Structure formats: C-alpha cells, structure tokens
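Letter by letter, the chains look like this.
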Amino acid sequence: MTTAAEAFASAKINLTLHVTGRRSDGYHLLDSLVVFADVGDRLILTAGANLSVAVTGPFAEGVPTDGRNLVWRAAEAAGWMGWIELEKNLPHGAGIGGGSADAAAVLRALHGQNPMGGIGAERALELGADVPVCLSSLPQRMRGIGEQLRPVQDVPGLNLVLVNPHVHVPTPAVFRELMHRENPAMQHCEGWDSGPAFLDWLGQQRNDLEIPARSLAPEIGEALSALDGAILSRMSGSGATCFGVYDTMDVARNAARRIAAKYPEWWVQATRTVGSDARQVSRATT
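So, here is what we can say about the structure in this document. (Residues numbered from 1 in each chain as written. Predicted model: local features only at pLDDT ≥ 70, side-chain atom pairs only at ≥ 80, totals over all residues. Heavy atoms only, no water.)

## A few points about unusual backbone geometry
Between Gly-239 and Ala-240 the backbone carries a cis peptide bond, its omega angle lying at 10 degrees. Examined against the element boundaries, Ala-240 turns out to sit in the loop between strand 9 (232–235) and strand 10 (242–246). For Asp-154, which is not glycine, the phi dihedral falls at a positive 70 degrees. Relative to the elements of secondary structure, Asp-154 occurs in the loop between strand 7 (148–151) and strand 8 (159–164). Its relative accessible area of 42% is what places Asp-154 among the partly exposed residues. A positive phi angle, close to 55 degrees, is found at His-188, a residue other than glycine. One can find His-188 in the loop between helix 6 (171–177) and helix 7 (195–203). Given a relative accessible area of 65%, His-188 falls into the exposed group. (Helix = DSSP H or I, 4+ residues; strand = E, 2+ residues; numbered from the N terminus. Buried < 20%, exposed > 50% of the residue type's maximum accessible area, 1.4 Å probe, protein only.)

Shown next, in the form of structure tokens:
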C-alpha cells in the first residue's frame, strides 16, 4: 500500500459469553456469539519511512501512541511502516473490542480479504485474544481462548442501545471474582427460522462474567436497569458496556435519548448490528 487507506473498527458485541473451563496455563475457555455494530473507531493509514501513531476523537485521552498501542503492534507484525491516525470513538477497556478491533482494522487495510493470512493465525492471536474474531464483521461463534472461530448463519441484524457508565473493570479482576469456571457451553447456536426464534434462544443464554463484574462495579447494574423497555439487556464482554435489544431503530434511538438525558456523563449509542447476510458494516462505507 503506497497511498492513504481508511479502515473502520466496528464495536464488538458479545451477545453471549459462556465460560466453559480454564487451561493449565491459566487462560479461560469461552463460548461466545459475537456480532459487530455500525459504530466504531476510524483509522487512516499512510505509508512512509517510519512508524508513528496519532490519536484523536472523544476517547483519545490516555491512549498510547507507541508500541503499547495494538495498532502499532499490528503494523509491526505486518511489516508495514507509515503514519496511522486513529479516531477513537469507542471507550477503551469497555468490553466492546477497543484496541483489538483497531488492530484488526489495520490488518484488514493492509491485507484485504485475507488479513490473518498476512501475519498468520498464531501471530494474530498473540496481538490479543479478540483480534482474530474482529477481522470479520459478520456474526461468529468464538471458542477456546479466541482462536476457534466459525461463522454463524441466520443471525438477524439487531437494533441496540449501548451504554457505558464510564467505569473501568479490569478483565483479570473480573475473572478472579468468577465463582464457577466450568459452565455449560451454548447449545444449538444456529438454524433459527425467524428473528423472534433467535431472540427466544438468546434470552436463554448468558454472560458468565456479568455477576462478577457487577460485584466490582455496581454501576453496571444501574446501566442494565436504565435499558428499560428492551426486549433483552445484558453486559458485553467483561464490561462495563451493556446492551439492550429493541424492536425498531426508532425505539432504540428514543431509548438512547432518554438514557443520555438522565445520565449525561455516560456513553450512550443507538446502533444496529450486522446480520449473517450482510457483507460489511454500512457506516464504514459512507
């Protein structure tokens, strides 16, 4: 790549997150249905003689601009040099992809339709457990420590409200609070013949990290309560972002406005996720 290229890093939503065990090296085994939203970070990559990163946007504060940043490490792993401008629109440490989504966006920009092939699956996983799943914007079932991925058919696009109460819950601390580490995996994660059937199934699933995260940050419970009127509400990832599923986008937008008015210090976004039949996030191409 010799000219500037743009990339979009979609917010990652764990609609489910089952903790099914722990390996001897301490890594936890997960079973998660992951989808991606049309809200996210934006990146511009311009080839050059040296590697540098500049961060802008509402969540730029505190984001490193050196080798601590995953976009820097992704560019290094791909053997690319140049200037990266990262517009940080997603709160970091929030359970919705963050740096992993940004790193995956860099790899997509550099390697097109075969981003993992550009650096190898093992190297992609070394960048972060969520980097491999973030390389695609389509619904996927993620198992193991993040390396076992399978596309999931018949997942509808969902109208969501994302709420982050601006509290940070470190992932290791959440796992330390987890009481049970060998829980049932998801069952029948495919083959829904309608949106209501999918939502019925989704309501029977869970996020095993929600209870331990709420014990560390009671604000998560407040965020879930604020998503009143939702068909279903749940925490994403290890927190603290929560999501509510709503009937229509208009209903979601109205809920987002209501929550933002009541909690002006929170990050609140109405968004739509990409369904199984979509090829890319619409907002990324506008």
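## Observations regarding the pairing of strand 1 (residues 5–14)
Counting buried residues in strand 1 gives 9 out of 10 residues, a clear majority hidden from the surface. Where strand 1 and strand 3 (residues 28–47) come together, 9 bridges link them in antiparallel fashion. Note that in strand 3 the partner of Ala-9 across the bridge is Asp-41. (Pairing = 2+ DSSP bridges.)

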